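Single-letter residue listing:
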Amino acid sequence: MPQLSLILPVYNVAPFLPACLDSIAAMQPAADEIVAIDDGSTDDSAVILAAYAARLPQMKVVRQANAGVSAARNAGIALATGSHLAFLDPDDYVAPDYYGRLLDLAVAHDLDIAVGNATYHFEGRQPDYPVWPADNLPVGVMAGREMLKRWLRRRNLVHLSCLLVYRHEFV
């Protein structure tokens, strides 16, 4: 049975963190494991994480000295036990079925990486717009080199960590 470990690097993001964690709590199916790495926050992030960890039994919170987002993600990878990984930043939020659909796609097609789309949303800025416009959004399964060629040809190489589900072994 595939399992999803969601990795959340956290550093001084208290204003954004509740919306992110609420979206994680609403995921269907639920993430099997949530690994939150508090990267030495000095704001209320640790308090917020503790409150959500009390509600979400699958949530682990680890505090480390500030070492940067890459070190926090790597610490999360080292602790994650799921067959698949997803990375969400604390200023992002996710639709309830987003990661479940990507996980299903990855398993059904034996993929190392499954990629979805998202919408940019900035408070007070209208309108929202997609990361990849519909005319640049491939649908279906394709080899990584074909996807890269497509992005380079269209000069649209966007990589947002929240858009992907990875096979843990691959990472």
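Residues numbered from 1 in each chain as written. Predicted model: local features only at pLDDT ≥ 70, side-chain atom pairs only at ≥ 80, totals over all residues. Heavy atoms only, no water.

Summarising the element assignment, D39 is placed in the loop between β2 (33-38) and α2 (45-55). Within the buried set, D39 has no salt-bridge partner at all; the shortest N-O distance to an opposite charge, 8.8 Å, is to R63. Side chain to side chain, D39 and Q64 meet in a polar contact 2.9 Å long. Not counting chain neighbours up to four residues away, the residues in contact with D39 comprise V10, Y11, Q64, A65, N66, A67, G68, V69 and A72. (Helix = DSSP H or I, 4+ residues; strand = E, 2+ residues; numbered from the N terminus. Buried < 20%, exposed > 50% of the residue type's maximum accessible area, 1.4 Å probe, protein only. Lys, Arg positive; Asp, Glu negative; His and termini not counted. Salt bridge = Lys/Arg side-chain N within 4 Å of Asp/Glu carboxyl O. Polar contact = N/O pair within 3.5 Å; in protein donor to acceptor, adjacent residues only side chain to side chain. Contact = heavy atoms within 4.5 Å.)

Here we come to a nonpolar patch on the surface. On the surface, I113, V115, F170 and V171 cluster together into a nonpolar patch covering about 310 Å² of accessible area. When its relative accessible area of 46% is taken as the criterion, F170 is described as partly exposed. (Patch = residues over 30% accessible without salt bridge, like charges linked within 9 Å, V, L, I, M, F, W, Y side chains within 5 Å. Areas by Shrake-Rupley, 256 points an atom, 1.4 Å probe, with all protein chains shown as cover.)

What follows covers the packing of aromatic side chains. Scanning the model with the defined rule gives 2 aromatic pairs in all. Measuring from ring centre to ring centre gives 5.2 Å for Y98 and Y99, while their planes differ by 75 degrees; the resulting arrangement is edge-to-face. There is no split in this pair, since Y98 and Y99 are both buried. (Phe/Tyr/Trp six-rings, centres within 6.5 Å; stacked < 30°, edge-to-face > 60°.)

Now for the nonpolar core. Residues L8, L21, I24, L88 and Y99 are the most contacted members of the largest nonpolar core, which totals 42 residues. Where this core is concerned, the elements lending two or more residues are β1 (4-10), α1 (17-25), β2, α2, α3 (69-79), β4 (84-87), α4 (98-108) and β8 (164-167). Discounting residues that sit within four places of it in the chain, Y99 has contacts with L4, L6, M27, A86, F87, L88, V94, C162, L164 and V165. (Core = buried A, V, L, I, M, F, W, Y, C linked by side-chain atoms within 4.5 Å.)

One can find D38 in strand β2. For D38, a relative accessible area of 1% corresponds to the buried category.

Before going further, it helps to examine the pattern of salt bridges. Inspection of every chain in the model, using the stated rule, returns 6 salt bridges. The salt bridge involving D110 is made with R167; its shortest N-O contact spans 3.1 Å. Highlighted residues: D110 in the loop between α4 and β5 (113-115) and R167 in strand β8, separated in sequence by 57 residues. A residue is classified by how much of its surface remains accessible, and D110, at 56% relative accessible area, is exposed. Residues participating in the shared-partner salt-bridge network are D110, D112 and R167.

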